[in-house]
Amino acid sequence: MKKFLAICACLIGLSGCVSYDNYYKLDGDYLNRRQMETMRFEADSEETILSASAGVLQDLGFTLDETETKLGLITAYKNREATSVGTRVALVLLSAIDDSEVVYDTEQKIFTTLVTTKSRESRGYNVRVSFARSVTNNKHETRNEQIKDNKTYREFFDKLSQSLFLTAHEI
Amino acid sequence: MKKLFVAFLGLTLLTGCMTTSQGVLGTQNSQVETRNYQSRTFDTGDKKMVLRSVISTMQDLGFIIDRADETLGTVSGTSFKNDSKMTVSVRPSGTKQMIVRANASAGLYEITSPVAYQNFFNALSQSLFLDAHTIE
């Protein structure tokens, strides 16, 4: 009877509610992340920056999904392999040795949001870009994650800097 | 005992089907109550500035923006932090105020926790403050 009551209590709990009270709380790191994702560029107009940004995203193989120039917004995505063939082969070989089941990532969809805003501190515009990805493994399980790697953002802004130069010189 | 358990299981599962059969117009709260905790008024007449702050708040919270429309005043995004989706709309109330409304869902469920929306509006208030005080 005790077991029965415990199972009933669990079922009621499950059919009831998941708590969302911790959703949408700012974490302690958000200002650092904002800084990592943002860079100021000199340009005559927001249109120039947006156009150069779209160019970089195309250079990187992204498909532009949504643009709203009045809000300085571009969103884009691309689908790619998540693990190289070499790594997969190595993992399969290793699993054959100890007879374990191998789990590896197969594909990923990478998303980006890019927003421009007029800089209040100086001439020019701030560009903020955020990357995230959905990764699927060979068991067809998907997980979502934000990309918080500083290097990725620095590289992107280097490319945008070059793109602005190329756009300015009509290349 | 088994019969009792099966009957209880059946009843528990049935409670999930009590809304409309298709779930198209199904919701858990009254319209007034929902609008109340999903909305907040901000003292500014600048719709574009509020929309830009909504976007940067959503970025702060780990969202990727899916759609935005300045004319309609809407922004939709997907959270990669807690796998949920949110739409925010901004509309003027008179000339000096903006009403911001957010609604979110996680998987198959709508988020009905007033605290979650309060968290979002607190984050938006901070972002509006940062944007208005040249902190970049």
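Residues numbered from 1 in each chain as written. Chains lettered and ligands numbered in written order. Predicted model: local features only at pLDDT ≥ 70, side-chain atom pairs only at ≥ 80, totals over all residues.

## Some remarks on the overall build of chain A
Okay, step 1: Looking only at helices and strands, chain A features five helices and six strands.
Okay, step 2: Helices and strands in chain A line up, N terminus first, as α-α-β-α-β-β-α-β-β-β-α.
Okay, step 3: Look at the contacts in chain A between residues 6 or more apart in sequence, and 57% of them connect residues 24 or more apart. (Helix = DSSP H or I, 4+ residues; strand = E, 2+ residues; numbered from the N terminus. Contact = placed C-beta atoms within 7 Å.)

## Side note on the interface of chain B and chain A
Okay, step 1: Contacts between the two partners involve 38 residues from chain B, matched on the other side by 35 residues from chain A.
Okay, step 2: Contributing elements (two or more residues each) for the side of chain B that touches chain A: α1 (2-14), α3 (47-60), β2 (63-69) and α4 (114-132) of chain B.
Okay, step 3: For the side of chain B that touches chain A, the class distribution of residues is 17 nonpolar, 12 polar and nine charged. (Nonpolar A, V, L, I, M, F, W, Y, C, P; charged D, E, K, R; others polar.)

## Here's the deal with the environment of Phe111(A)
Okay, step 1: You can see Phe111(A) is positioned in strand β4 (residues 105-118).
Okay, step 2: Take Phe111(A): there are 23 C-beta atoms within 10 Å of it, and that puts it in the buried class.
Okay, step 3: Sequence separation between Phe111(A) and Ala132(A) is 21 residues, and the spatial gap between their C-alpha atoms is 5.3 Å.
Okay, step 4: With residues up to four places along the chain from it excluded, the contact list for Phe111(A) reads Tyr77(A), Ala132(A), Arg133(A) and Ile64(B). (Buried ≥ 20, exposed ≤ 12 C-beta atoms within 10 Å, placed from the backbone.)

## Considerations on the confidence of the model for chain B
Residue and element names in this part refer to chain B.
Okay, step 1: Across chain B, pLDDT averages 85, with 78% of residues at or above 70.
Okay, step 2: Mean pLDDT in chain B bottoms out at α1, which sits at 59, and peaks at strand β3 (residues 74-79), which reaches 97.
Okay, step 3: The complex model carries a pTM of 0.81, and its ipTM stands at 0.81. (pLDDT = per-residue confidence, 0-100.)

## So, helix α3 (residues 46-59) of chain A
Given 3.6 residues per helical turn, the α-helix brings residues three or four places apart onto the same face.
All names here are of chain A.
Okay, step 1: The terminal C-alpha atoms of α3 lie 20 Å apart, and with 14 residues this matches the ideal 20 Å at 1.5 Å per residue to within 8%.
Okay, step 2: Those residues of α3 that fall on the buried side of the exposure criterion are Ile49, Leu50, Ala52, Ser53, Val56 and Leu57. The buried residues of α3 occupy an angular sector of 165° when projected down its axis, which confines them to one face.
Okay, step 3: Of the residues flanking the end of α3, it is glycine 61, one or two places downstream, whose phi is positive at about 85°. (Expected span 1.5 Å × (residues − 1). Arc of directions from axis to C-beta.)

## Remarks on unusual backbone geometry
All names here are of chain A.
Okay, step 1: Non-glycine residue tyrosine 24 carries a positive phi angle of around 60°.
Okay, step 2: Residue tyrosine 24 is classed as buried on the basis of its C-beta count, with 31 C-beta atoms lying within 10 Å.
Okay, step 3: Look at histidine 140: it is not a glycine, yet its phi comes out positive at around 65°.

## Observations concerning the pairing of β4(A)
All names here are of chain A.
Okay, step 1: As defined by bridge partners, strand β3 (residues 73-81) adjoins β4 across nine bridges and the pair is classed as antiparallel. Bridging from a neighbouring strand, asparagine 79 pairs with lysine 109 of β4.
Okay, step 2: Looking at chain direction, β4 and strand β5 (residues 125-137) are connected through 13 bridges and run antiparallel. Its bridge partner being in β5, phenylalanine 111 is matched across the sheet by alanine 132.
Okay, step 3: From the end of β4 to the start of β5, which pair antiparallel, there are six residues, and glycine 124 there has a positive phi angle of about 105°. (Pairing = 2+ DSSP bridges.)

## Focus: the environment of Ser127(B)
All names here are of chain B.
Okay, step 1: Positionally, serine 127 belongs in helix α4.
Okay, step 2: For serine 127, a count of 25 C-beta atoms within 10 Å translates into the label buried.
Okay, step 3: Between the C-alpha atoms of serine 127 and phenylalanine 42, which are 85 residues apart in sequence, the distance is 12 Å.
Okay, step 4: Discounting chain neighbours no more than four positions away, the residues touching serine 127 are Ser53, Ser56, Thr57 and Asp60.

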